[in-house]
Structures are given as C-alpha cells and as structure tokens.
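Fold and geometry: a report
For reference, the chains in residue letters:
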Amino acid sequence: MRFDEKGMRYAEIAGSDQRAEKTQMRKLMDSVRAVYAERIWPEIDSATADQQDTMRHVVDCHGLTVHDLHQQFAQEFQGRRLWCRKNCHSGFTVAPIWDAALGRDTGRRFAFADQAEAAMFRRTWGARS
C-alpha cells in the first residue's frame with residue numbers, strides 16, 4: 001500500500017475527492033433539473049391531482065395497445081411520446097384507457113396542458129389512432 005508524505009493512503013485521498021465531486025455534481029444537476037424541468041422533460045409520469053386539473057385537453061388513441069399492435073406497439077407508442085417531448089412546451093401525460101368489462105387496456109390517453117399542442121397531436125396522430 002502506498003502512503004503520501006503525511007502518512008495517508010492514496011486510495012483514501014482519491015476516494016474522498018471523488019465522493020465530494022460526485023456530491024457536488026449531483027447538487028448541480030438537481031438544481032438544473034429543478035429550474036428547467038418542464039423545458040427539459042415536459043412529460044409528467046405520475047401526475048398529481050393539481051397537475052391533472054391543468055391537463056384538460058385529452059386525445060384518446062384507441063387501439064394503441066400491445067394486444068392490438070403486438071410487436072409494433074413499442075414503436076408506435078414511443079413515436080407518439082417522442083413527438084410530444086419534441087413539440088410540447090407545456091406539460092403532458094400518458095395513461096392507459098382501461099376497460100373493466102374486457103379486463104385490459106384498450107388504448108392510451110394523452111392529456112395536454114396546452115390546447116394548441118393537443119390539437120397538433122390530434123392532427124399528426126389522429127389518422128393512425
């Protein structure tokens with residue numbers, strides 16, 4: 001094991017510096033995410049009741065399920081989500097449309113905070129829904 005002139009091991013020195021750097025970087029990234037969260041990632045994964053109240057503009061995509069599209073579901077679903085992330089500046093969320101009688105989902109519900117963004121989504125994806 002190697003020691004420096006003060007008798008400290010190099011691994012201890014390097015380890016403490018790396019931990020401090022990681023902690024400092026994590027704090028910096030958390031502050032950036034907090035300030036720019038909606039601009040970086042407008043999709044809201046688990047919307048609170050207050051957030052759901054602001055997303056009143058709904059577009060239902062019936063048939064957007066793994067049951068209906070099989071292997072093509074992931075590509076179709078991800079295409080819509082990526083479109084939203086690229087084109088939406090306001091918040092949006094995606095949730096399955098559940099049919100209790102069938103016991104499964106029958107599509108996806110996209111909810112938008114901005115009416116114009118919802119309309120643009122409907123024009124872009126409506127023919128394929």
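Look a little higher up for the structure.
Conventions used here
- Residues numbered from 1 in each chain as written.
- Predicted model: local features only at pLDDT ≥ 70, side-chain atom pairs only at ≥ 80, totals over all residues.
- Heavy atoms only, no water.
- Phe/Tyr/Trp six-rings, centres within 6.5 Å; stacked < 30°, edge-to-face > 60°.
- Helix = DSSP H or I, 4+ residues; strand = E, 2+ residues; numbered from the N terminus.
- Buried < 20%, exposed > 50% of the residue type's maximum accessible area, 1.4 Å probe, protein only.
- Lys NZ or Arg CZ within 6 Å of the ring centre and 35° of its normal.
- Core = buried A, V, L, I, M, F, W, Y, C linked by side-chain atoms within 4.5 Å.
- Contact = heavy atoms within 4.5 Å.

Regarding the packing of aromatic side chains
Evaluated as defined, the whole model comprises six aromatic pairs. Between Phe77 and Phe110 the ring centres are 6.5 Å apart and the planes differ by 55°, which places this aromatic pair in the tilted class. With Phe77 in helix H4 (residues 73-87) and Phe110 in strand S3 (residues 104-112), this residue pair connects regions lying 33 residues apart in the sequence. The exposure classification of Phe77 matches that of Phe110, with both residues buried. Taken together, the ring pairs in this structure connect Phe73, Phe77, Trp83, Phe92, Phe110, Phe112 and Phe121 into an aromatic cluster. In this arrangement the basic side chain of Arg108 is found over the ring face of Phe77, its NZ or CZ atom lying 5.6 Å from the centre.

Quick notes on the nonpolar core
Membership of the largest hydrophobic core comes to 15 residues, with the highest contact counts inside it found for Cys84, Phe110, Phe112 and Phe121. Residue assignment for this core shows that the elements contributing at least two residues are strand S1 (57-62), H4, strand S2 (92-99), S3 and helix H5 (115-125). No other element matches the four residues that H4 contributes to this core. When neighbours within four sequence positions are excluded, Cys84 is seen to be in contact with Pro42, Phe92, Phe110, Phe112 and Phe121.

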